[in-house]
Amino acid sequence: MTAENETPIAEPAIEPNQHGGAAHPSDARPSEAQPSAATIAPIEAISDASSAETRKAEPSVPEIPKTNIATYAIGEGPAVLAESVVVAAEVVPTPVVTPTAVKPERKNLAEVIVVTSGKGGVGKTTTSASLACGLARQGKKVAVIDFDVGLRNLDLIMGCERRVVYDFVNVIHGECSLRQALIKDKRFDNLFVLAASQTRDKDALTKEGVEKVLTDLGDDGFDFIVCDSPAGIEKGAFLAMYFADRAVVVVNPEVSSVRDSDRILGLLSSKTRRAEKGERVKEHLLLTRYSPIRVEKGDMLSIKDVQEILGLDVVGVIPEAPEVLQSSNSGEPVILDMNSQAGQAYDDAVARLLGEKRPLRFTTVEKKGFFTKLFGG
């Protein structure tokens, strides 16, 4: 406003008081007091000034990101001034998720082969030792385990009976480590023997313990695990076949052996881990103590007869030979004697297990020539 437009403010009239003196401005009655320039200022200006002073008095609030702010209107009705209240949403820190350590999948899964039969004395342990040596000779890392607790013989045939310190049961019960119990073969650096206990019974074996041993062997890089099963269908035989991927059913070509082996085939198709998953253990037939001469005479079942009864493909036919007994007594698996027919037959069986096709040998009577008949032989 300019000075020209200003309206002069009238001075209040001063009346003499009762004493005759001039009256003081403070003696004026309130009802007669005139408003000053401050009192006639616009209400809006006064309100703005009050708000400014209030804001100066209040502490400053740090700016909050828009994403974390919620604004609410407080008060209703014309007489109440709506206020804006800024509420900061609670900021919850994002939890740091630490990835769970995932055990790497084993690249080298050991294949478990059980050597089994229903009848005792058919040559299971001899076969287990020969197959293990044959696979090791092919460059495979092999472990052969004796499941015949209380009646161990595998260590004798492998020639390591004097080197047994810890056995299979010791490992299962945590009395030693697996490495302490494994016996390294003197002929092959990639062949190891795990002997059975002579002082315990078969109840000392547990499914969990056997599974852990087999898993640890697979983790240690073994290619094949050969399980030498005891005869019959008791606990040791059941545990030997339960985790098997393949089964070599050892049969003598006689009726009683064939019938007992048929019972074993029923267990392989129903009581193994693969059977529980709806899969099937790959089964192979291996005939031992086969004599073509006796077959020709009708004293022994032929290969075809056994195949028809059991319904299995033949992986090997081991001829009856004195070298088998000699090798067992000397602690040398017969497969290492490549001059014997039995040793060659076992070598053929190992090759077939590895996928090689070889014809069966030593299954027919050798025809004698003219000079052999003439001069004998």
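Please read these numbers as outputs of a predicted model, since none were measured by experiment.

Student: Describe the overall build of the protein, and please don't skip the residues or the numbers.
Tutor: Within the protein, the secondary structure is distributed over 14 helices and 10 strands. Across the 377 residues of the protein, 39% fall into the buried class. Put simply, the protein shows about 23,300 Å² of open surface, and 53% of that area lies on carbon and sulfur atoms.

Student: Describe helix 11 (residues 303-310), with residues and values.
Tutor: Ile303, Val306 and Leu310 are the residues of helix 11 that are buried. Taken around the axis of helix 11, the buried residues stretch over an arc of 70 degrees, which confines them to a single face. Across helix 11 from its buried face, at more than 90 degrees, point the exposed residues Lys304 and Glu308. Against strand 8 (246-251), helix 8 (255-268), strand 9 (282-290) and strand 10 (314-319) lie the buried residues of helix 11.

Student: How would you summarise the pairing of strand 4 (residues 142-146) if you had to cite specific residues and measurements?
Tutor: Among the 5 residues in strand 4, 5 count as buried, and that is most of the element. A two-sided burial pattern is seen for strand 4, the buried positions comprising Val142, Val144 and Asp146 on one face and Ala143 and Ile145 on the other. Relative to strand 6 (residues 191-194), strand 4 runs parallel, the two sharing 4 bridges. In the sheet register, Val142 faces strand 6, and the bridge partner there is Leu191.

Student: Residues and numbers for the side chain of Glu283, please.
Tutor: Here Glu283 shows up in strand 9. Here the side chain of Glu283 touches Arg280 through a polar contact of 3.2 Å, side chain to side chain.

Student: Which residues make up the pattern of salt bridges, and what are the values?
Tutor: Scanning the entire structure with this criterion turns up 17 salt bridges. The closest approach of N and O atoms between Arg137 and Asp347, which form a salt bridge, is 3.0 Å. Here Arg137, found in helix 2 (residues 124-137), pairs with Asp347, found in helix 13 (residues 341-353); they are 210 residues apart in sequence, far enough to count as distant. Put simply, Asp189 and Lys184 hold a salt bridge, and the shortest N to O gap is 4.0 Å. What you see here is one network of salt bridges that share partners, running through Arg137, Asp347, Asp348, Glu356, Arg358 and Arg361.

Cut-offs applied
Residues numbered from 1 in each chain as written. Predicted model: local features only at pLDDT ≥ 70, side-chain atom pairs only at ≥ 80, totals over all residues. Heavy atoms only, no water. Helix = DSSP H or I, 4+ residues; strand = E, 2+ residues; numbered from the N terminus. Buried < 20%, exposed > 50% of the residue type's maximum accessible area, 1.4 Å probe, protein only. Areas by Shrake-Rupley, 256 points an atom, 1.4 Å probe, with all protein chains shown as cover. Arc of directions from axis to C-beta. Contact = heavy atoms within 4.5 Å. Pairing = 2+ DSSP bridges. Polar contact = N/O pair within 3.5 Å; in protein donor to acceptor, adjacent residues only side chain to side chain. Salt bridge = Lys/Arg side-chain N within 4 Å of Asp/Glu carboxyl O.

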